[in-house]
Every structure is written in C-alpha cells, then in structure tokens.
Amino acid sequence: MKHKGSCHCGNVNIEVKGECQSVVECNCSHCSRKGYLLWFVPRADVSVTAEDGALSTYTFNKHEIKHHFCATCGCAPFGFGAHGGVEMAAINVRCLEGIDLAGIKRQQVDGRSS
Ligand SMILES: [Zn+2]
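Rules and cut-offs
Residues numbered from 1 in each chain as written. Predicted model: local features only at pLDDT ≥ 70, side-chain atom pairs only at ≥ 80, totals over all residues. Heavy atoms only, no water. Buried < 20%, exposed > 50% of the residue type's maximum accessible area, 1.4 Å probe, protein only. Helix = DSSP H or I, 4+ residues; strand = E, 2+ residues; numbered from the N terminus. Pairing = 2+ DSSP bridges. 1 Å grid on protein atoms, 1.4 Å probe; cavity = no way out; pocket = protein on both sides within 12 Å on 5 of 7 lines; lining within 4 Å. Points joined across faces, edges and corners; volume = space filled by probe spheres on them. Contact = heavy atoms within 4.5 Å. Salt bridge = Lys/Arg side-chain N within 4 Å of Asp/Glu carboxyl O.

## Quick word on the pairing of strand S1 (residues 2-6)
With burial as the criterion, only one face of S1 is covered, namely that bearing His3 and Gly5; the residues Lys2, Lys4 and Ser6 on the opposite face remain uncovered. As paired strands, S1 and strand S2 (residues 12-17) are joined by five bridges and run antiparallel to one another. The partner of Lys4 across the bridge, within S2, is Glu15. Counting the residues in the hairpin turn of S1 and S2 gives five residues, including Gly10, whose phi is positive at 90°.

## Quick notes on the layout of surface pockets
Computed from the structure, the largest pocket encloses a volume of approximately 910 Å³. Surrounding the largest pocket, 28 residues form its lining, Cys31, Phe40, Phe60, Ile65 and His67 being those nearest its centre. For the lining of the largest pocket, the secondary-structure elements that each account for two or more residues are strand S3 (22-26), helix H1 (29-34), strand S4 (38-42), strand S8 (78-83) and strand S9 (86-92). Ranked by residue count, the leading element in the lining of the largest pocket is S8, at five residues.

## Regarding the environment of Ser6
Structurally, Ser6 can be placed in strand S1. Taking the C-alpha atoms as reference, Ser6 lies 8.5 Å from Cys75; in sequence the two are 69 residues apart. If we skip the residues at most four places from it in the chain, Ser6 touches Val12, Asn13, Pro77 and Cys95.

## Side note on the side chain of His67
Within the fold, His67 resides in strand S7 (residues 66-70). Overall, His67 belongs to the buried group, its relative accessible area being 10%. Among all residues touching His67, those that are not within four sequence positions of it are His30, Tyr36, Ser56, Thr57, Tyr58, Phe60, Phe78 and Gly79.

## Things to note about the pattern of salt bridges
A full pass over the atoms with the stated rule returns three salt bridges. Lys2 is paired through a salt bridge with Glu15; the nearest N and O atoms lie 3.5 Å apart. One end of the pair, Lys2, is in strand S1; the other, Glu15, is in strand S2, with 13 residues separating them in the sequence. For Glu25, the salt bridge identified is with Arg106, shortest N-O distance 3.4 Å.

This is the structure we're talking about:
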C-alpha cells in the first residue's frame, strides 16, 4: 500500500510504499528533541515532491544521514542515508496520514548511549 505524508505547510510531500509494522523511537539528543518515530524503508520506495529550495538539511556527528526538513514550517518528514551500502530512508510516521500513533508498535533504541 501507499502512504502519503507531508510537512505542516504542505511544501514538502512524500509517498511511501510498504506496510508500516513498527517504528523506532530513539533517545539520542537529536531524535528526542524532534520526537521522531521512524520507519525504515528502502530509499527507492519513497518519492518526494518539493519545489527547489523547499527542503533544508541537517547533519551532525558523522554527517552520514541527511535529516531533511521543510525550510518554511520546520517539520521533518524524512531523512536519507545508507546502511551497509544500501540506500535507505527513515520516515517520520508523525508526518504520514492515517497512521495510528497510539497503536503502532514502538521499538525503543538507546541511541544516547551509542
Ligand atoms: Zn512545510
């Protein structure tokens, strides 16, 4: 199935193929501040629609993951990176339509300690 998502102002829209079974809730300094609930999918299963300049990008630590966010409203629907040579996307399911945030299985990840 396809999930639609967007930032708050609507300048950034995404479509994700797949079935979201569980999400990662990480306690690192970045994830906890943004409140990310992340669903990891192959990069090829995500399509992004955004005008030039609509997206800003934040990186930190090893600068391997591109944390994209809307330059207007600040919402961060996704990030891109590679894991074991495979291009991946981390979808912030808080920005998807029709996701039952209370009912979805959360996998706690201790990113703060690693
Ligand atoms: Zn926006």
